[in-house]
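Chain residues, written in single-letter form:
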Amino acid sequence: RKEVEQDPGPFNVPEGATVAFNCTYSNSASQSFFWYRQDCRKEPKLLMSVYSSGNEDGRFTAQLNRASQYISLLIRDSKLSDSATYLCVVSPYSSASKIIFGSGTRLSIRP
Amino acid sequence: DVKVTQSSRYLVKRTGEKVFLECVQDMDHENMFWYRQDPGLGLRLIYFSYDVKMKEKGDIPEGYSVSREKKERFSLILESASTNQTSMYLCASRTTSGGLQETQYFGPGTRLLVL
């Protein structure tokens, strides 16, 4: 079983729709969680950190469910520019240098 | 803003050649990383370094070595390139001063093709 698993997609949704995807992790001791965004042929960039209480940044909401060991990302009122691959990232407490990336979920927004 | 630069965006090499990929960061970060990214496999850690002259193997170190002589520079070396090392190589850096919530900053990547 992979340490971090994501549905690869692609998710193909119309502009303006709400889309959500989850990411599950296997290490219950994991402490830090992030969502990164990666555009085609570009490097990953931090989208948002995921805190225990959940957090919101504009149209984006991230949540953490420790009991079920998953994090989620919700995008409201999706824009064409949201088309990208979204990477789930988990960092176990035992090693500050060990950061595990999911394979990513591809999102495509159509006009 | 943190800046991580990589020496080449695109590289074409022949099987058996020695390949150097260089990465430089300008934010005095302690930790630096080399990943490769392949379709369906995501980002896989090759090596990381938490200080000058210090290095640790990641998940797939075979066929690679690294060098960190200066804090800002982390080099990835392919001693004898093989076709299965054709990939996108991403360098990243990260500070530890902010604790576990500190994020990684990535360079633009190097697309390496080994013929």
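The structure we're discussing is the one just above.
The text that follows walks through the structure, step by step, so that each part is easy to find. The written sequence of each chain sets the order in which its residues are numbered from 1. As a convention, the first chain written is A and the first ligand written is 1, with the rest following in written order. Given that this is a predicted model, residues contribute local features only at a pLDDT of at least 70 and side-chain atom pairs are listed and counted only at 80 or more, while totals for whole chains, interfaces and linings are drawn from all residues. For side-chain calculations, the full set of non-hydrogen atoms in the structure is used, while hydrogens and water are omitted.

Looking at the overall build of chain A
So, step 1. Looking only at helices and strands, chain A features 0 helices and 11 strands.
So, step 2. Every radius of gyration here is taken over C-alpha atoms, with the globule rule written as 2.2 Å times N^0.38, N being the number of residues. Taken over C-alpha atoms, the radius of gyration comes to 13 Å for chain A, in line with the 13 Å a tight globule of 111 residues would show.
So, step 3. Relative accessibility decides the category of a residue: with a 1.4 Å probe and only protein chains considered, values under 20% of the type maximum give buried, values over 50% give exposed, and everything between is partly exposed. Looking at chain A as a whole, 46% of its 111 residues are labelled buried.
So, step 4. The contact definition used throughout considers only heavy atoms, calling two residues in contact when any of these lie within 4.5 Å. Sequence-distant contacts in chain A: of pairs separated by 6 or more residues, those separated by 24 or more amount to 57%.
So, step 5. The method behind every accessible area is Shrake-Rupley, applied with a 1.4 Å probe, and residues are considered shielded solely by the protein chains displayed. For chain A, the accessible area works out to roughly 5400 Å², and carbon and sulfur atoms hold 47% of it.
So, step 6. Positive and negative side-chain charges in chain A, numbering 13 and 10 respectively, have mean positions lying 4 Å apart. Numbering goes from the N terminus for both helices and strands, where a helix is a DSSP run of H or I of at least four residues and a strand is a run of E of at least two. By the counting scheme adopted, Arg and Lys are positive, Glu and Asp are negative, and His together with the chain ends is not counted. Charge positions come from single atoms, namely NZ of Lys, CZ of Arg, CG of Asp or CD of Glu.

Observations regarding the side chain of Q37(B)
So, step 1. Tracing the backbone through its elements, the reader meets Q37(B) in strand β4 (residues 31-38).
So, step 2. The buried category is assigned to Q37(B), whose relative accessible area is 16%.
So, step 3. At 2.8 Å, the side chain of Q37(B) forms a polar contact with the side chain of Q38(A).
So, step 4. In this view, Q37(B) contacts Q38(A), G42(B), L43(B), S87(B), M88(B) and L90(B); residues no more than four positions away in its chain are not counted. A 3.5 Å cut-off defines polar contacts: any pair of N or O atoms within that distance qualifies, except that in protein one atom must be a possible hydrogen donor and the other a possible acceptor, and neighbouring residues in sequence count only when both atoms are side-chain atoms.

Structural notes on the pairing of strand β11 (residues 110-114) of chain B
Side-chain positions along a regular strand alternate between the two faces of the sheet.
Residues and elements named next belong to chain B.
So, step 1. The two faces of β11 differ: T110, L112 and V114 on one face are buried, but R111 and L113 on the other face are not.
So, step 2. Should DSSP find at least two bridges between two strands, the strands are taken to pair. Of the strand pairs in this sheet, strand β9 (residues 87-94) and β11 are connected by 3 bridges, and their pairing is antiparallel. Paired with M88 across the strands is R111, a residue of β11.

A closer look at the environment of S68(A)
Residues and elements named next belong to chain A.
So, step 1. Looking at the secondary structure, you find S68 in the loop between β7 (60-65) and β8 (70-75).
So, step 2. Of the residues examined, S68 reaches a relative accessible area of 47% and is grouped as partly exposed.
So, step 3. Sequence separation between S68 and P92 is 24 residues, and the spatial gap between their C-alpha atoms is 16 Å.

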